[in-house]
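# Chain and residue survey
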Amino acid sequence: MEKILAFTILGIVTGAVYAIAASGLVLTYATSGIFNIAHGAIGMLMAFAYWELVVNQGWPAWLALILVVAILAPLLGALIERILMRGLRNASVATSLTVTVGLMVGLIGLAQNIWDPQEARALPEFFAPRKFGLGGVNVTWHQAATAFAGLALAIFLYIVLNRTRTGIAMRAVVDDRNLVGMTGARPDRVSMLSWAIGASMASVAGILLAPILQMDVIVLTLLVINSYAAAMVGRLRNLPLTYAGAMALGLIEAYTIGFVDLRGSLIGLRSAIPTIFLFVVLLAMPEARLRAGRLVGAVTPRVPSFRRSLIGGAVLVAAAGVLSSILSQGNLIRAGEGLALAIIMLSLVLLTGYGGQVSLCQISFAGVGAYAMARVGGDGTVFGILAAAALAAFAGALIALPSLRLQGLYLALSTMAFAYFLDQMFFSQEWVFGNLGALPVGRLDLPGVSFDGVRAYFVLLAIAFSLFAMLVLRIRRGQFGRVLAAMRDSPVACATLGLSLTRTKLAVFMIAAAMAGVGGALYGGLKTTAGSTDFIMLQSLPLLLLAVIGGITSVSGALLGGILFALPSLTPNTQIFGLEMAKLQFLWVGIAAVTIGRNPNGVAYIISERVRRLLALTPRGSAGIPAPIDPMEEVTEVAAASG
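Predicted, not measured: the structure shown is a model, and the values here were computed from it.

## Considering the overall build of the protein
Per the secondary structure count, the protein includes 28 helices and 8 strands. Within the span of the protein, comprising 643 residues, buried residues form 55% of the whole. Expressed as a percentage of contacts within the protein between residues at least 6 apart in sequence, the contacts between residues at least 24 apart total 79%. Entry remark: accessible area of the protein is about 26800 Å², with carbon and sulfur atoms responsible for 65%.

## Points about the nonpolar core
By size, the foremost hydrophobic cluster in this structure holds 192 residues, and its most contacted members are F35, I37 and M232. Of all the elements, helix α14 (residues 329–354) adds the most residues to this core, at 15 residues. Residue contacts for M232: discarding those within four places in its chain leaves F35, L278, V281, L282, M285, Y410 and L413.

## Some remarks on the packing of helix α20 (residues 479–489) against helix α22 (residues 501–527)
What describes two packed helices is the angle between their axes and the distance between those same axes. Closest axis-to-axis distance for the α20/α22 pair is 11 Å, and the angle between their directions is 110°. Classified by the interaxial angle, the pair formed by α20 and α22 is roughly perpendicular. Crossing angle aside, the handedness with which α20 passes α22 is left-handed. From α20, F480, V483, L484 and M487 reach across to α22, where they touch L501, T504, K505, A507, V508 and I511.

## Focus: the side chain of T140
Mapped onto the elements, T140 comes out in strand β2 (residues 137–140). Look at T140 and you get buried, because its relative accessible area is 15%. Ignoring sequence-local partners within four residues, the contact set of T140 consists of E125, R130, K131 and F132.

## Digging into the pattern of salt bridges
Throughout the structure, instances matching the rule amount to 2 salt bridges. One salt bridge in this structure joins R121 and E119, with 3.6 Å as the shortest N-O distance. D534 serves as the salt-bridge partner of K527, at 3.5 Å between the closest nitrogen and oxygen.

## Thoughts on the packing of aromatic side chains
Under the defined criterion, the tally for this structure stands at 13 aromatic pairs. Measuring from ring centre to ring centre gives 6.5 Å for F427 and F535, while their planes differ by 40°; the resulting arrangement is tilted. Of this pair, F427 sits in helix α17 (residues 408–427) while F535 sits in the loop between β6 (529–531) and α23 (540–550); the two residues are 108 residues apart in sequence, bridging distant segments of the chain. A single burial state applies to F427 and to F535, both of which are buried. These aromatic residues form a ring-pair network of at least three members: Y371, F426, F427, W431, F433, Y523 and F535. The cationic tip of R443 hangs over the ring face of Y457; the distance from NZ or CZ to the ring centre is 5.2 Å. Over the face of the ring belonging to Y354 we find R476, whose NZ or CZ atom lies 5.5 Å from the ring centre.

## Some remarks on the confidence of the model for the protein
With 84% of its residues at a pLDDT of at least 70, the protein reaches an overall mean of 81. Of all helices and strands in the protein, the one with the weakest mean pLDDT is helix α27 (residues 619–624) (48), whereas helix α19 (residues 454–477) scores best (93). A low-confidence stretch, residues 621–625 stays under pLDDT 50, and its non-local contacts, those more than four residues away or across chains, total 6 contacts.

## A closer look at the environment of G330
Relative to the assigned elements, G330 resides in helix α14. The class of G330 is partly exposed, set by a relative accessible area of 34%. Spatially, the C-alpha atoms of G330 and V454 are 9.1 Å apart, while their sequence positions differ by 124 residues.

## Quick look at the environment of D445
Residue placement: D445 occurs in strand β4 (residues 445–446). With sequence-adjacent residues up to four places away left out, D445 is seen in contact with D379, G380 and S450.

## Describing the side chain of T275
Looking at the element boundaries, T275 is found in helix α12 (residues 269–284). A residue is classified by how much of its surface remains accessible, and T275, at 11% relative accessible area, is buried. What T275 contacts, discounting residues up to four positions off in sequence, is A417, Y420 and F421.

## Looking at the pairing of strand β1 (residues 131–134)
Relative to β2, β1 runs antiparallel, the two being bridged by 4 bridges. Of the residues in β2, the one forming a bridge with G133 is N138. Turn length for the β1-β2 hairpin, with the two strands adjacent in sequence and antiparallel, is 2 residues, and the turn residue G135 shows positive phi of about 60°.

## Points about α17
Over its 20 residues, α17 runs 27 Å from end to end, which matches the ideal 28 Å to within 8%, given 1.5 Å per residue. Taken across its 20 residues, α17 has 19 buried, putting it largely inside the fold.

## A word on the packing of helix α1 (residues 2–32) against helix α8 (residues 187–212)
Put simply, α1 and α8 touch, their axes get as near as 8 Å, and they point 165° apart. Considering their axes alone, α1 and α8 lie roughly antiparallel with respect to each other. Note that α1 runs across α8; the crossing there is left-handed. Contacts between α1 and α8 involve V17, I20, A21, S23, G24, L27, T28, T31 and S32 on the former and, on the latter, S191, S194, W195, I197, G198, M201, V204, A205, L208 and L209. Residues that form the contact of α1 with α8 fall into these classes: 11 nonpolar, 8 polar and no charged.

How each quantity is defined
- Residues numbered from 1 in each chain as written.
- Predicted model: local features only at pLDDT ≥ 70, side-chain atom pairs only at ≥ 80, totals over all residues.
- Heavy atoms only, no water.
- Helix = DSSP H or I, 4+ residues; strand = E, 2+ residues; numbered from the N terminus.
- Buried < 20%, exposed > 50% of the residue type's maximum accessible area, 1.4 Å probe, protein only.
- Contact = heavy atoms within 4.5 Å.
- Areas by Shrake-Rupley, 256 points an atom, 1.4 Å probe, with all protein chains shown as cover.
- Core = buried A, V, L, I, M, F, W, Y, C linked by side-chain atoms within 4.5 Å.
- Axes fitted to C-alpha atoms, helices over the stretch in contact; angles between N-to-C directions.
- Parallel < 35°, antiparallel > 145°, perpendicular 65-115°, else oblique.
- Left-handed = near helix turned anticlockwise from the far one by under 90°.
- Salt bridge = Lys/Arg side-chain N within 4 Å of Asp/Glu carboxyl O.
- Phe/Tyr/Trp six-rings, centres within 6.5 Å; stacked < 30°, edge-to-face > 60°.
- Lys NZ or Arg CZ within 6 Å of the ring centre and 35° of its normal.
- pLDDT = per-residue confidence, 0-100.
- Pairing = 2+ DSSP bridges.
- Expected span 1.5 Å × (residues − 1).
- Nonpolar A, V, L, I, M, F, W, Y, C, P; charged D, E, K, R; others polar.

Written as structure tokens, this is what we have:
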């Protein structure tokens with residue numbers, strides 16, 4: 001009986017932390033319509049700020065708590081709303097989601113540059129070491145304070161949102177800002193206040209979690225992400241249901257630890273419980289609640305002809321040949337990583353750019369491909385590449401089948417949950433990457449042609465990117481590509497025309513996954529190894545960001561994304577204001593990503609538009625540059641083709 005009580009208390013405390021974090025998430029979503037992926041990163045950053053004041057600077061805990069929770073966190077939330085979110089009022093869900101992912105990556109980069117990740121840190125519990133007895137179980141005052149804080153903040157938020165004029169204005173702002181303004185309220189201030197409160201609640205969750213866990217940037221960020229499942233139980237608007245979902249998740253986790261004997265390959269199941277919970281909640285949610293989020297606001301560039309794409313591919317391969325004779329071997333490997341990741345980003349161009357299906361698990365498909373190459377490819381046979389494509393396509397079907405009814409935000413969260421599940425239940429297993437957590441991966445070896453050398457392999461990666469780019473463009477020019485674009489622009493119209501969206505979504509998921517799998521196999525060949533930490537879920541976020549920054553609706557955007565990835569690594573000794581550029585990769589990618597709120601079409605589109613305007617100054621150039629595709633043009637073409 002004491003054991004049941006002990007784990008019940010543990011579950012309530014864990015659930016209370018989830019409830020605090022999830023309530024802040026619900027508050028910002030209900031008042032702005034933006035799902036803040038960076039919510040966990042805000043909590044992490046504030047927990048580190050609290051540690052800095054209490055442990056490093058010796059401040060009293062109560063004073064540091066007031067400064068962080070009541071001043072720093074609200075100020076950060078208000079700044080985020082004023083600088084970033086206010087410009088996203090009319091943006092698509094995909095754009096706002098990507099901006100918050102960029103903010104999350106940027107905050108992680110900022111924390112890693114301020115506090116050395118290699119240094120061990122610990123944060124003392126509140127009221128430590130005081131305890132009291134409850135039914136024969138010792139309960140710390142920190143646990144009691146956490147449970148009380150979870151319940152008190154949930155009640156406080158419920159009263160504010162439902163019983164006060166300010167709270168009602170907060171909820172009304174997301175529906176009609178102009179109408180709220182006519183009632184005398186100030187919509188901008190109301191939005192800023194909601195983000196300030198949300199950031200403050202994230203800081204409370206981070207500070208309460210930090211003493212229980214380790215002071216680690218990634219661990220703290222990901223554990224607050226667990227609260228997403230609780231927020232989904234409340235359908236991102238119902239606080240009592242959110243609190244109930246948080247408690248249910250906390251108790252399930254605690255009882256699994258206490259009463260389920262997980263050994264061997266099932267040991268990672270405990271860490272995966274929140275993501276499984278999130279996945280189940282998403283699938284169980286009524287479909288009417290899931291009709292949100294498609295890739296609007298982005299312009300689809302004209303697809304180049306076969307001749308132009310062939311010339312472009314030849315130029316890229318020739319440039320790679322020149323670079324291979326100039327760069328050192330170390331820099332070639334870093335540049336090659338950019339090319340390999342650009343191939344994986346090409347899969348996002350097909351899936352997200354053309355098909356409108358947001359995915360946060362492409363790096364997981366790449367990991368599956370690298371695993372297949374290591375196990376089947378041996379010294380680099382073609383069979384390894386084929387196995388990588390086939391196994392990754394199978395994994396793509398696994399995620400696509402249960403997620404066919406999801407789109408936008410919900411699809412992104414379900415793919416994120418799938419990626420984290422693979423981290424815990426597949427990549428971390430000993431039978432996957434062996435005892436040492438890594439396997440040798442052979443470089444592709446064609447009959448009569450050797451790519452063992454780094455320079456030859458770099459050229460091979462350029463050839464592979466060119467071929468995949470031509471394949472993607474070929475798909476886009478064909479009937480399947482037009483159906484993809486039409487599905488992205490108007491799923492309802494496609495369904496009305498009798499097109500099978502289910503078959504189309506399944507096919508594009510499998511093709512994109514196969515492409516990412518081959519990219520992962522080539523990436524592993526470049527490094528000659530593939531390990532359990534090379535393809536974790538968190539790496540999918542910068543991948544999507546770089547693809548969006550480059551331009552997710554064009555193959556040149558994927559190439560630009562790969563170049564943006566490689567550039568900081570090619571300048572390892574360069575410093576700006578005393579900070580090494582190589583260590584700023586997360587930070588500068590995050591800063592660049594938040595700018596897409598102003599232009600969701602990416603750098604490639606901006607460059608092509610500038611070139612187009614320059615060439616339009618001459619009669620010859622103006623005739624040769626086609627205008628972007630009108631989205632309704634695709635739907636009309638598909639409708640005409642379907643009769």
